[in-house]
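# Chains, contacts and geometry: an overview
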Amino acid sequence: MAPANSSLSSRFAALSPNTQGALWIVVSCVIFSIMQANVKLLGARLDTFQIAFFRCAFGLAVILPFMFRAGPQVFKTRRPLAHLLRGCLGAGAMACGFYSVTHMPLADATAISFAKPLFMIVLAVLFLNEKVRWRRWTATAVGFLGVLIMVRPGSSEIGFAAGIALLGTLFVALVVVLVKKLSATESPLTILFSFGIVSTSIMTVPAILVWQQPTWNELAMLLSVGALGSAGQACAVKGFKVGEATAVVPFDYSRLIFAGFIGFWLFGDVPGLHTLLGAGLIVVSTLYIAHREARLGKAPVRNKTDHHPVLLPEEQEPARERT
């Protein structure tokens, strides 16, 4: 068995860095889709806050050994309020994401999450002093049109869940801005640890208020949500580390395929015309934005606390017009 594993490893190592990165991203997409399916199954009986509590607590438990190994300096911070805000927004994003997955078809919730780069355009203008011109504003408007098609304002239950999904996507975009600012003075371990402490603390009280004793099967699934989340995040980080971000970004959209397949297989969800049209507009617009970033010589920032690539201007650069 060892020679076979060695041969497989050598074949993988022989691939180009971009191919390796793309494969890591695809693996992360599969893992995250399975995690979302577990969340949806758990949500049939357990509350969103209880599921999110287990996810946060498990994430904190995973990071603690690395914290102690790194030494006491990673427990110190010069920006506690920024860490607190980042933790609150991150916890809110997680709760919104889990709620939307529970109350929507997996493909719909996944597609809405891809609107994050659209929010990043607006936030970059507001908080990072970036000037954006008509081409990227047009792409952003097209993407938000796709969001509106999927959210369907005024519709009933799925419209509310889609709105929650969109709110969670906005929270994620805000987290990215905060992480970008924190990264200037804080280590990645400190950022991850503070998020684990804050998010777990925030989720504890709501989880207690809605607590239902998990069955042994549910407990195993709750632990798997934490394990899959951590594993998927690690694969995504590896993918963006090995390959060029502009080359591997498109493969992140394979989550739509996996989420659609799992949603149909487990829950009988068939994507409707509004889902396909809205998702198509979101994907096209965000890929165009990534393409413009690449042409302008801007590398997407790798967000170590999230599994998506994020396009951000370099903090040290002066504002300039972008087309």
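Everything in this summary refers to the structure shown in the same document. (Residues numbered from 1 in each chain as written. Predicted model: local features only at pLDDT ≥ 70, side-chain atom pairs only at ≥ 80, totals over all residues. Heavy atoms only, no water.)

## Quick word on the overall build of the protein
Here is the rule: Segments assigned H or I by DSSP are reported as helices when at least four residues long, segments assigned E as strands when at least two residues long, and all are numbered from the N terminus. Buried means the residue's accessible area, taken with a 1.4 Å probe over protein chains only, is under 20% of the maximum for its type, while exposed means over 50%, and partly exposed covers the values in between. We get accessible surface area from the Shrake-Rupley algorithm with a probe of 1.4 Å; when it comes to residues, only the shown protein chains can shield them.
A count of helices and strands for the protein gives 13 helices and four strands. Residues counted as buried form 48% of the 323 residues belonging to the protein. With an accessible surface of roughly 15,300 Å², the protein has 70% of that area assigned to carbon and sulfur atoms.

## Remarks on helix H9 (residues 188-209)
Our working definition: For a helix, the expected span equals 1.5 Å multiplied by the number of residues minus one. The bend at a residue is defined as the angle formed between two axes, one fitted to the seven residues ending at that residue and one fitted to the seven starting there.
In a regular helix each residue adds 1.5 Å, so 22 residues correspond to 32 Å; H9 covers 32 Å between its end C-alpha atoms and thus fits that length. Largest kink in H9: about 30 degrees, centred on Met-203, with the proline Pro-206 one to four residues after it. Turning to H9, its buried residues number three or more, namely Thr-190, Ile-191, Phe-193, Ser-194, Phe-195, Gly-196, Val-198, Ser-199, Thr-200, Met-203 and Ala-207.

## Some details on the packing of aromatic side chains
Aromatic rings considered in pairs are described by the distance between their centres and by the relative angle of their planes. Applied cut-off: Within 6.5 Å between ring centres, the rings of Phe, Tyr and Trp (the latter by its six-membered ring) count as paired, and their orientation is classed by plane angle as stacked under 30 degrees, edge-to-face over 60, tilted in between. Geometrically, a charge over a ring is one whose NZ (Lys) or CZ (Arg) sits within 6 Å of the ring centre while staying within 35 degrees of the ring normal.
All chains considered together, the criterion is met by eight aromatic pairs. Both rings, one in Phe-75 and one in Phe-193, keep their centres 5.1 Å apart while their planes meet at 80 degrees; by these two values the pair is edge-to-face. Here the residue Phe-75 occupies a position in the loop between helix H3 (48-70) and helix H4 (80-103), and Phe-193 occupies one in helix H9, the gap between them amounting to 118 residues. The exposure class of Phe-75 is partly exposed, given its relative accessible area of 33%. The lysine or arginine in question, Lys-40, covers the ring of Phe-267, its NZ or CZ lying 5.3 Å from the ring centre.

## Description of the packing of helix H5 (residues 106-113) against helix H12 (residues 254-267)
So the rule is basically this: Only the stretch in contact is used when a helix axis is fitted, and all axes are lines through C-alpha atoms; the angle between N-to-C directions ranges over 0 to 180 degrees. Any angle that is under 35 degrees is reported as roughly parallel, and any over 145 degrees as roughly antiparallel; angles of 65 to 115 degrees are reported as roughly perpendicular and all others as oblique. Two helices cross in a left-handed way if the nearer one is turned anticlockwise from the farther one by less than a right angle. They cross in a right-handed way if the turn is clockwise. Here, residues are in contact when the closest pair of their heavy atoms is within 4.5 Å.
It is the contact of H5 with H12, at a shortest axis distance of 7 Å, that shows an interaxial angle of 160 degrees. Here H12 runs roughly antiparallel to H5, going by the angle between their axes. For the pair H5 and H12, the sense of crossing is right-handed. The residues of H12 that touch H5, namely those facing Leu-106, Ala-107, Thr-110, Ala-111 and Ser-113, are Arg-255, Leu-256, Ala-259, Gly-260, Ile-262, Gly-263 and Phe-267.

## Regarding the environment of Thr-102
The test is simple: For this analysis, a polar contact is any N or O atom pair within 3.5 Å, provided that within protein one partner can donate a hydrogen and the other can accept it, and provided that sequence-adjacent residues contribute only side-chain to side-chain pairs.
With respect to the helices, strands and loops of the structure, Thr-102 is situated in helix H4. Along the sequence, Thr-102 and Leu-41 sit 61 residues apart, while their C-alpha atoms lie 7.6 Å from each other. At 2.8 Å, the side chain of Thr-102 and the backbone oxygen of Phe-98 are in polar contact.

## Some words on the pattern of salt bridges
Short version of the rule: One speaks of a salt bridge when a side-chain nitrogen belonging to Lys or Arg is within 4 Å of a carboxyl oxygen belonging to Asp or Glu.
A complete count under the given rule lists two salt bridges for this structure. Across the pair Glu-218 and Arg-45 runs a salt bridge whose closest N-O atoms are separated by 2.6 Å. One end of the pair, Glu-218, is in helix H10 (residues 216-242); the other, Arg-45, is in the loop between helix H2 (17-42) and H3, and 173 residues separate them in sequence. Owing to a relative accessible area of 12%, Glu-218 belongs among the buried residues under this scheme. The exposure class of Arg-45 is partly exposed, given its relative accessible area of 35%.

## Some remarks on a nonpolar patch on the surface
Under the convention used in this document: Two joining distances apply to patches: 9 Å for like charges and 5 Å for nonpolar side chains (Val, Leu, Ile, Met, Phe, Trp, Tyr), and every residue must have over 30% relative accessible area and no salt bridge.
Side chains of Leu-41, Phe-261, Trp-265 and Leu-266 sit close together on the surface and give an oily, nonpolar patch of about 470 Å² of accessible area. In terms of residues, the nonpolar patch owes the most to one element, H12, which gives three residues. When you line up the elements, Phe-261 lands in helix H12.

## Concerning the side chain of His-83
Topologically, His-83 is positioned in helix H4. Look at His-83 and you get buried, because its relative accessible area is 3%. A polar atom in the side chain of His-83 sits 2.9 Å from the side chain of Glu-186. Setting aside chain neighbours within four positions, we find His-83 in contact with Thr-77, Leu-182, Glu-186, Thr-190, Ile-191, Ser-194 and Val-198.

## Re the packing of H3 against H10
Just so we agree on the cut-off: Put simply, Ala, Val, Leu, Ile, Met, Phe, Trp, Tyr, Cys and Pro go in the nonpolar bin, Asp, Glu, Lys and Arg in the charged bin, and everything else, Gly too, in the polar bin.
At a minimum axis distance of 9 Å, the contact between H3 and H10 shows a crossing angle of 55 degrees. With respect to their mutual orientation, H3 and H10 come out oblique. The two elements H3 and H10 cross, and the hand of that crossing is right-handed. Only Leu-219, Leu-222, Leu-223, Val-225, Gly-226, Ala-227, Gly-229, Ser-230 and Gln-233 of H10 make contact with H3, whose side of the interface consists of Ile-51, Phe-54, Arg-55, Phe-58 and Val-62. Tallied by class, residues from the contact of H3 with H10 come to nine nonpolar, four polar and one charged.

## Some words on the nonpolar core
The condition is simple: Here, the term nonpolar core denotes a set of buried Ala, Val, Leu, Ile, Met, Phe, Trp, Tyr and Cys residues that are joined through side-chain atoms within 4.5 Å.
Ranked by internal contacts, the top residues of the largest apolar core, which has 28 residues, are Ile-25, Met-104, Ile-112, Val-147, Met-150 and Leu-256. Listed in part, the 25 residues of the second largest apolar core include Ile-51, Ala-91, Ala-109 and Ile-262.

## Here we look at helix H6 (residues 116-127)
The end-to-end C-alpha distance of H6 is 16 Å, a good match for the 16 Å that 12 residues give at a rise of 1.5 Å each. Directly after H6, the chain includes Asn-129, whose backbone phi takes a positive value near 60 degrees.

## Here's the deal with the environment of Asn-217
Looking at the secondary structure, you find Asn-217 in helix H10. With 175 residues separating them in the primary sequence, Asn-217 and Leu-42 have C-alpha atoms 9.8 Å apart.

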